[in-house]
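Analysis of the macromolecular model
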Amino acid sequence: MKISQNTATKWFLVSCSCLILSACAGGQTGPMDADSEARIDSALARAATSAQNSGEAAQSVGLLEKLYNRNPHDEMLALRYASALRDAEYYNRALLVLAPFANDEKSASEVKSEFASLQLALGNYPQAEQYAQKAILQNEKNAQAYQALGIALDAQNMYPEAERAYRKGLDNWVGDPAPIINNLALNLASQDYLEEAIELLEKAQSVSPDRPEIERNLRITRALLETKQLSHSPRTSDRLDAKKKLEGDSKPEKKPAN
């Protein structure tokens, strides 16, 4: 019999409860031993992963919150919890969780790039730029940091600088490159490099044909190019309106679960 993701997640939750109850059984009144603590943490982590994979974002956040409360000084756990909060659009809560780690010079590059993505979500573009730069200084191959930096620079109308950040991120990207290709194409369109923008969007569409934002941006950019070809002096208002539509789609990709 095939077991659904939802059922599997509930079984994980039951296993967590059983572990806690078994640790309290048999007259045990003192603190749990390290092995029991580790088993509970492991069960909670598996349950959170299962919930996230099955699209149950709220349940995943709740489980990660329990795990984080049990281990508040674990940097990587705080990173995972903050990322889940960002995916669920609890940006301010995520900021509070991650801030102590992001402001520690010794924290991981990934912590600082996630904090940069949170600042982007809140519209704090100079702060996002600052933390993305810190992440890159620690790890020059952190593609997510380059993407966050590019978006922050784009938002501040620093288009050539943003283009360099996107290209550097693309050089180090792992997995589906459609999100960063899309952002690079929008940046090029903002600089009036329409032919190259279209070429990039077509590549992104071939890789990820089910992304509606890529199809939409490709359609708008082609319309911009057609207008440019029909007239050497296209109406400024038309250009600005289309540009605003494009810039509205530039955003960071949600980080997959570890």
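Residues numbered from 1 in each chain as written. Predicted model: local features only at pLDDT ≥ 70, side-chain atom pairs only at ≥ 80, totals over all residues. Heavy atoms only, no water.

A short note on the packing of helix H10 (residues 178–190) against helix H12 (residues 212–230)
- Closest axis-to-axis distance for the H10/H12 pair is 11 Å, and the angle between their directions is 20 degrees. Relative to H12, H10 is oriented roughly parallel. Helix-helix and strand crossings are classified by hand; for H10 and H12 the assignment is left-handed. Contact with H10, carried on its side by Ala178, Asn182 and Leu186, involves Glu213, Ile214 and Asn217 of H12 and no other residues of that element. (Axes fitted to C-alpha atoms, helices over the stretch in contact; angles between N-to-C directions. Helix = DSSP H or I, 4+ residues; strand = E, 2+ residues; numbered from the N terminus. Parallel < 35°, antiparallel > 145°, perpendicular 65-115°, else oblique. Left-handed = near helix turned anticlockwise from the far one by under 90°. Contact = heavy atoms within 4.5 Å.)

A look at the nonpolar core
- Ranked by internal contacts, the top residues of the largest apolar core, which has 57 residues, are Tyr81, Val97, Leu98, Val111 and Phe115.
- If you tally residues by element for this core, the top one is helix H8 (residues 143–155), at eight residues.
- Contacts of Phe115, omitting those with residues within four sequence positions, involve Leu95, Leu98, Ala99, Ala102 and Tyr131. (Core = buried A, V, L, I, M, F, W, Y, C linked by side-chain atoms within 4.5 Å. Buried < 20%, exposed > 50% of the residue type's maximum accessible area, 1.4 Å probe, protein only.)

So, the environment of Gln156
- In this fold, Gln156 is placed in the loop between H8 and helix H9 (159–171).
- For the pair formed by Gln156 and Glu129, sequence separation is 27 residues and the distance between their alpha carbons is 9.8 Å.
- In this structure Gln156 touches Tyr125, Pro126 and Glu129, once residues within four positions along its chain are discounted.

Description of helix H6 (residues 109–121)
- The terminal C-alpha atoms of H6, which comprises 13 residues, lie 19 Å apart, in line with the 18 Å expected from a rise of 1.5 Å per residue.
- Residues of H6 that are buried: Ser109, Val111, Lys112, Ser113, Glu114, Phe115, Ala116, Ser117, Leu118, Gln119 and Leu120.
- Tucked into the core, H6 has its buried residues touching helix H4 (75–87), helix H5 (91–102), helix H7 (125–138) and H8. (Expected span 1.5 Å × (residues − 1).)

Re the confidence of the model for the protein
- Summary statistics for the protein give a mean pLDDT of 82 and a share of 68% for residues scoring 70 or more.
- A low-confidence stretch, residues 1–5 (pLDDT under 50), is modelled with four contacts involving residues beyond four sequence positions or located in other chains.
- Within the model, the stretch residues 7–29 combines pLDDT values under 50 with 24 contacts to residues more than four positions away or in other chains. (pLDDT = per-residue confidence, 0-100.)

Focus: H4
- Compared with the 18 Å implied by 1.5 Å per residue over 13 residues, the 18 Å span of H4 between its first and last C-alpha is a close match.
- Extensive coverage of H4 is indicated by the burial of 11 of its 13 residues.
- Every buried residue of H4 is listed here: Leu77, Ala78, Leu79, Arg80, Tyr81, Ala82, Ser83, Ala84, Leu85, Arg86 and Asp87.
- By the N-cap criterion, in which a side-chain oxygen at the helix start approaches the backbone nitrogen of a residue two or three places on, H4 is capped by Asp74, the distance to Met76 being 3.2 Å.
- In the stretch just after H4, Glu89 is the one whose phi turns positive, near 70 degrees. (Polar contact = N/O pair within 3.5 Å; in protein donor to acceptor, adjacent residues only side chain to side chain.)

So, the pattern of salt bridges
- Under the definition given, this model contains 10 salt bridges.
- With a closest N to O distance of 2.7 Å, Glu114 and Arg86 form a salt bridge. Of the two residues, Glu114 sits in helix H6 while Arg86 sits in helix H4, which places them 28 residues apart along the sequence. Here the two residues Glu114 and Arg86 agree in accessibility, since each one is buried.
- A salt bridge links Arg222 to Glu202, with the nearest nitrogen and oxygen atoms 2.9 Å apart. Here Glu202 lies in helix H11 (residues 194–207) and Arg222 lies in helix H12, a separation of 20 residues in the sequence. (Salt bridge = Lys/Arg side-chain N within 4 Å of Asp/Glu carboxyl O.)

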